Amino acid sequence: MKQDMQDFLVELLNAPGPSGYEEPVTKVWRERLADAADEIETDVMGSSIATLNPEGSPKIMLAGHCDELGLQVNYISEEGFIYFNTIGGHDPTIVSGRRVLIRTKKGTLPGITGKRAVHMMTQEERKRAPEFHEIWIDIGVKSKKEAEKLVEIGDPVTYDMGFQQLHGAFAASRAFDNKLGAFVVAETLRALKSKKRQLKACVVSVATTQEEVGLRGATTSTFRVNPDVGIAVDVTNPTDYPTCVKEKYGYCALGEGPTITRGANFNPIVTKRLIATAEKEKIAYQLEAAPGRTGTDAGAMQLVRQGIACGLVSIPLRYMHTPSEMVNLKDVENSIKLLTAFCLSLKPGDDFTL
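Small disclaimer: the values here were computed from a predicted structure and weren't measured.

A. Just the sheet that holds strand E11 (residues 170–173), in detail. Read across the open sheet, the three strands follow the order E10-E11-E17; overall the sheet is antiparallel. Of all the strands in the sheet, just strand E10 (164–165) and strand E17 (325–328) have a single pairing partner and so form its edges. This element, helix H5 (residues 176–193), spans E11 and E17 of the sheet and lies at about 35 degrees to E17.

Written as C-alpha cells, this is what we have:
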C-alpha cells in the first residue's frame, strides 16, 4: 500500500468514532477527498457525501460506514468509578482489563476497564461472563466530585488500541470494522479522479454513520443521493482459523480477495457485473452467500425510495468486534481496484431492472 494511503488509513483508525459520535472520523475523511471530489457535503446524521462527475450517468453510490463500537458514560459512583452503556455489539468476555480513552469537552481522558479480580471470585462466577454493569472504568480519582470535574454523562469511550503492522500484508487495529469501508470508498473516488476522462458514471462515495446501531446513516444518505446503483463496502467473518465450522458458515480466507455476496439483498445484474469485472481485471475475489437481508448498509440501501440495485463487497476480517481486529491489506487494495474498475465499466443507459 502506498505510504499516503496507509497514513490516511491510520489517521482514520486513530480518530475516535463510536456510533453517534463520528465527527473526528468524518473530518479526516473529508480532508482526504478535498482535492479529489467535485462536491463534498454532510447531512444532519453526520454522513459525509463526496461526488465525482455529478453530471454523469448512471449514478452509483459507494457506502462504507465510518462508525465503530464504543462505550458511553452512564453513571459515576460515589467512589469515582465510571459505569457505561455499550454502543454496538460487544463480547462481554473481553471488555475488562482494557485501556480506554474518554472523549470529553476538555479533551481525551485515559482510563482502564476493571472488574473484581479472579482471586476474589467464586467458582461459579469464574464460569460466566460478567454483566456489563459489573464492569467499570477507572480514571484514577477518589470521588464522584473529582470525576465529575473531568467526565460528563454521555461522553463516548473507545478502546486505546491503534494500527499495528504484522507479518507481510497482515495488520491489526481496533475499528477496522468498518473504517476500512470508509477508506475504500474514499480511495476508490481518488483513483477515479485520475481517470476522470474515462468515467461516464456519477460516483458518490459516502462515509455513512450509525451503522452499528441500525444502518441509520445509510438509510438517510441513500434517500438523499437517490442512486441508480448502490454498493456497500463492509467487512465479513472469514472461516480460516480454528473452531470455524465451514459446513455452517462457508469458506472465506484472509488474503484471497474481497468477497462478493450473492442473495436476496443484492441485484443479480450488479452482482454478475462485479464478478465479471473481477475476472476481467484478474482481481482476486471470493463468493459469499447471504439468503436474506444482510446486517450491512446494503440492507438499508436496497429498500430506499422505489428500491436500489445493490451489491456488497466485503473485506475478510478476523476477530470482529474486538479491540484487535485483523486483516490482510492486499484484500483492501483489491477492493479498491474492483470498485474502480466496476465504476469505469458503467455507461449511460445501463439498466438494472430485473
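B. Focus on the environment of Ala50. Mapped onto the fold, Ala50 is located in strand E2 (residues 48–52). Given a relative accessible area of 0%, Ala50 falls into the buried group. In sequence terms Ala50 and Leu189 are 139 residues apart; their C-alpha atoms lie 8.3 Å from each other. Apart from residues lying up to four places away in sequence, Ala50 is in contact with Trp29, Leu33, Ala37, Glu39, Ile40, Leu189, Val203, Val204 and Ser205.

C. Molecular detail of the pattern of salt bridges. Across all of its chains, the model carries 16 salt bridges by this definition. Taking the shortest distance from any N to any O, the salt bridge between Asp4 and Arg32 comes out at 3.0 Å. Of the two residues, Asp4 sits in helix H1 (residues 3–14) while Arg32 sits in helix H2 (residues 23–33), which places them 28 residues apart along the sequence. Classification of Asp4 as partly exposed rests on a relative accessible area of 36%. The salt bridge partner of Lys105 is Glu152, with a shortest N-O separation of 3.5 Å. Linking Lys105 in the loop between strand E6 (99–104) and strand E7 (107–114) with Glu152 in the loop between helix H4 (144–148) and strand E9 (156–159), this pair joins segments that are 47 residues apart in sequence. By sharing partners, the salt bridges in this structure join Asp4, Arg32 and Glu187 into a single network.

D. Examining the packing of aromatic side chains more closely. In the structure shown here, the tally under the stated rule is six aromatic pairs. Geometrically, the ring pair formed by Phe8 and Phe183 is tilted, given 5.6 Å between the ring centres and 35 degrees between the ring planes. Pair noted here: Phe8 is in helix H1 and Phe183 is in helix H5, with a separation of 175 residues, a long-range link. There is no split in this pair, since Phe8 and Phe183 are both buried. Of the aromatic side chains, those joined through ring pairs into one cluster are Tyr75, Phe81, Tyr83 and Trp136.

E. Summary view of the environment of Arg224. Tracing the backbone shows Arg224 in helix H6 (residues 216–225). Excluding residues within four positions of it along the chain, Arg224 makes contact with Glu41, Thr42, Asp43 and Ile49. Among the polar contacts listed, one links the side chain of Arg224 to the side chain of Glu41, at a separation of 2.9 Å.

F. View of the packing of H5 against helix H10 (residues 329–345). Their axes nearest at 9 Å, the elements H5 and H10 cross at an angle of 50 degrees. Here H10 runs oblique to H5, going by the angle between their axes. When you trace H5 past H10, the crossing you get is right-handed. Residue-level inspection shows Leu180, Phe183, Val184, Glu187, Thr188, Ala191 and Leu192 of H5 in contact with H10, the latter providing Val332, Ser335, Ile336, Leu339, Thr340, Cys343 and Leu344.

G. The state of the cysteines, seen in detail. Inspection of the entire model under this criterion finds zero disulfides. Lacking any disulfide linkage, Cys310 is separated from the closest cysteine sulfur, that of Cys343, by 14 Å. When its relative accessible area of 1% is taken as the criterion, Cys310 is described as buried. Take Cys343: it sits in no disulfide, and the sulfur closest to it among the cysteines is that of Cys202, at 10 Å.

H. Structural context of the packing of H1 against H5. Two numbers describe how H1 lies on H5: the axes approach to 10 Å, and their chain directions differ by 140 degrees. The two elements H1 and H5 meet at a crossing, and its hand is right-handed. Listed contacts from H5 to Asp4, Met5, Phe8, Leu9, Leu12 and Leu13 of H1 are Phe176, Lys179, Leu180, Phe183, Ala186, Glu187 and Arg190. Its residues assigned to classes, the contact of H1 with H5 shows nine nonpolar, no polar and four charged.

I. Looking closely at unusual backbone geometry. With omega at -5 degrees, the peptide bond leading from Ser57 into Pro58 counts as cis. Here the bond from Asp177 into Asn178 is cis, since omega is -5 degrees, no more than 30 degrees from zero. Relative to the elements of secondary structure, Asn178 occurs in helix H5. Non-glycine residue Tyr319 carries a positive phi angle of around 65 degrees. The topology assignment puts Tyr319 in the loop between strand E16 (309–316) and E17. Looking at Tyr319, the relative accessible area reads 36%, which means it is partly exposed. At His321, a residue that is not glycine, the phi angle is positive and equals roughly 60 degrees. Along the polypeptide, His321 turns up in the loop between E16 and E17. Overall, His321 belongs to the partly exposed group, its relative accessible area being 22%.

Quick notes on the rules
- Residues numbered from 1 in each chain as written.
- Predicted model: local features only at pLDDT ≥ 70, side-chain atom pairs only at ≥ 80, totals over all residues.
- Heavy atoms only, no water.
- Pairing = 2+ DSSP bridges.
- Helix = DSSP H or I, 4+ residues; strand = E, 2+ residues; numbered from the N terminus.
- Contact = heavy atoms within 4.5 Å.
- Axes fitted to C-alpha atoms, helices over the stretch in contact; angles between N-to-C directions.
- Buried < 20%, exposed > 50% of the residue type's maximum accessible area, 1.4 Å probe, protein only.
- Salt bridge = Lys/Arg side-chain N within 4 Å of Asp/Glu carboxyl O.
- Phe/Tyr/Trp six-rings, centres within 6.5 Å; stacked < 30°, edge-to-face > 60°.
- Polar contact = N/O pair within 3.5 Å; in protein donor to acceptor, adjacent residues only side chain to side chain.
- Parallel < 35°, antiparallel > 145°, perpendicular 65-115°, else oblique.
- Left-handed = near helix turned anticlockwise from the far one by under 90°.
- Disulfide = S-S within 2.5 Å.
- Nonpolar A, V, L, I, M, F, W, Y, C, P; charged D, E, K, R; others polar.

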